[in-house]
Amino acid sequence: MVPSLPTPPIDYIPSDVNIPDNYVEHTLATTKELPPITLNNWWKELNYVSTIVLTVTPCLAIYGIFTTKLVWQTALFSVFWYFVTGLGITAGYHRLWAHRSYNASVPLEYALALAGAGAVQGSIRWWSRGHRAHHRYTDTDLDPYNAHKGLLWSHIGWMLVKPRRKPGVADVSDLAKNKIVRWQHQWYLQLLIIMAFLIPSIVPGFGWGDFRGGFFYAGAMRLTFVHHSTFCVNSLAHWLGTTPFDDKHTPRDHFITALVTVGEGYHNFHHQFPMDYRNAIKWYQYDPTKWFITVCYWLGLASHLKAFPEGEIKKGQLTMELKKLDRKSHTITWPKSSNDLPVITWESFQEQSLTRPLVLISGFIHDVSSFLDEHPGGRHLLAKMIGKDASTAFFGGVYDHSNAAHNLLAMMRVGVLQHGLELESERAIPPSQRLQIVRAVQIADLIRAADGGENMFSFPSPAGNLYSADEVTKL
Ligand SMILES: [Zn+2]
Ligand SMILES: [Zn+2]
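By the naming in an unreviewed UniProt entry, the protein chain goes by Acyl-CoA desaturase and is assigned to Calocera viscosa. As stated in UniProt under Catalytic activity (unreviewed entry), the record for the protein chain gives "octadecanoyl-CoA + 2 Fe(II)-[cytochrome b5] + O2 + 2 H(+) = (9Z)-octadecenoyl-CoA + 2 Fe(III)-[cytochrome b5] + 2 H2O". Recorded in UniProt for the protein chain, the comment headed Function (unreviewed entry) runs: "Stearoyl-CoA desaturase that utilizes O(2) and electrons from reduced cytochrome b5 to introduce the first double bond into saturated fatty acyl-CoA substrates."

Undergrad: An account of the pairing of strand β5 (residues 364-367) is requested, with residue identities and associated values reported.
TA: Summarising the sheet, strand β4 (residues 358-361) and β5 pair through 4 bridges and their orientation is antiparallel. Within the sheet, the bridge partner assigned to Leu-360 lies in β5 and is Ile-365. Counting the residues between successive antiparallel strands, the hairpin from β4 to β5 contains 2 residues, one of them, Ser-362, with a positive phi of roughly 50°. Inspection of the sheet shows β5 paired to strand β6 (residues 413-417) by 3 bridges, in the antiparallel sense. Residue pairing across strands places Phe-364 opposite Val-416, the latter belonging to β6.

Undergrad: Tell me about the domain arrangement of the protein chain, and please be specific about residues and values.
TA: Looking at the protein chain, the domain boundaries give domain 1 (25-320) and domain 2 (338-468). Look at where the C-alpha atoms of domain 1 and domain 2 centre, and you get two points 60 Å apart.

Undergrad: Describe the sheet that holds β4, with residues and values.
TA: Read across the sheet, 4 strands follow the order β3-β6-β5-β4 without closing on themselves; strand pairing throughout is mixed. Each edge of the sheet is formed by a strand with only one pairing partner; in this case those strands are β3 (343-344) and β4. In this fold helix α16 (residues 346-353) packs onto β3, β4, β5 and β6, with an angle of close to 145° to the strand it touches most, β4.

About the cut-offs
- Residues numbered from 1 in each chain as written.
- Chains lettered and ligands numbered in written order.
- Predicted model: local features only at pLDDT ≥ 70, side-chain atom pairs only at ≥ 80, totals over all residues.
- UniProt positions renumbered as here; feature names shortened; annotations may be inferred.
- Pairing = 2+ DSSP bridges.
- Helix = DSSP H or I, 4+ residues; strand = E, 2+ residues; numbered from the N terminus.
- Domains from an automatic or database assignment.
- Contact = placed C-beta atoms within 7 Å.
- Axes fitted to C-alpha atoms, helices over the stretch in contact; angles between N-to-C directions.

This is the structure:
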């Protein structure tokens, strides 16, 4: 009998349990996209429900601005309702249901399900299914809002037309068994009307007699802002900003995106650590959704807030910093390594020194002709070392030269003295090269070469500073 791992008790079967190993490649190769949208077919390809919602709402808002006076109470309430319904999406749809980054108590779940309905972005179930596909298939055609298809497509285009391809499989069976998610799905239309238009109209109406202003400002205009705020997470957050944790995919971190998305702008972090309840990890970064979840935690309404271990987060940051430094180091001209220099015998060094100013330091032979007159200590001190080993004098015997001097000296290398290079000598490595970024594969190559070859000299260098002592050449 084949032993099997104990499986935890589970009362639902994930929809992707039998997914093939080459699912993405296979699906992209075997399923067809809908035809491209042209002037002749666009009216057949439109998603009429979304198009109407996304065009009528801003038109109502604009009509309201020109026909309805905005009173300060309604203005304040509209901002408040923007944050309520916005948090319904960010703290509810996104971080709670799509990513399960914390547990919410029943009252909080109901509140978020209601608030989210007021943002008119589909039910929790539909939204989370698309969002899980977005994370799993980021930047591929199985991602419903693939950022590689352009800013307009990822922002709104993908909703205005019929999906060109079915989004990649993403399991939401955990949500299918959630009572509150099912309840919201069932009553979605009624909840939407109440939360998106009824409450925004009647609160200002009964509160300060402004039904009309409530409908246009707290209803239509607020909804337009909430829509585009969420859409910016798919467009702006995959386009504007930095990649401090990983640059493999499009998600980026930017303060402006955070500002317009109720804190979802640290999207590079989010795609790396999607189950973290935070988007912003620093206290001064703008993430009101994280603050809201934290307050709910203090109030006992939320629990099990998930945060990735600090060390794992730092690994990503460090990798990106090293990558940046590596790129920077490639813009600098470095000294020739022992690998790239001819190996010279002592006799040849002596002979050649009669015709050109050669000085030996730490096993390297340097041609100092361009530097003789520039030497801060004077030409005479340098000239008297021609044809000699000046290591002792250079490293403190006469003057303990600066790092800059050592770096400069290394640029004058023209050869290596046979048997004259000290293995792993600090002095043989200019200070600028003592710490270097070496790729793991290069280290492996170095180790292999050192193991396999006899008479090999080596010292750390990304170029793989190895040469055979037999390869003696004349200058
Ligand atoms: Zn994203
Ligand atoms: Zn997400």
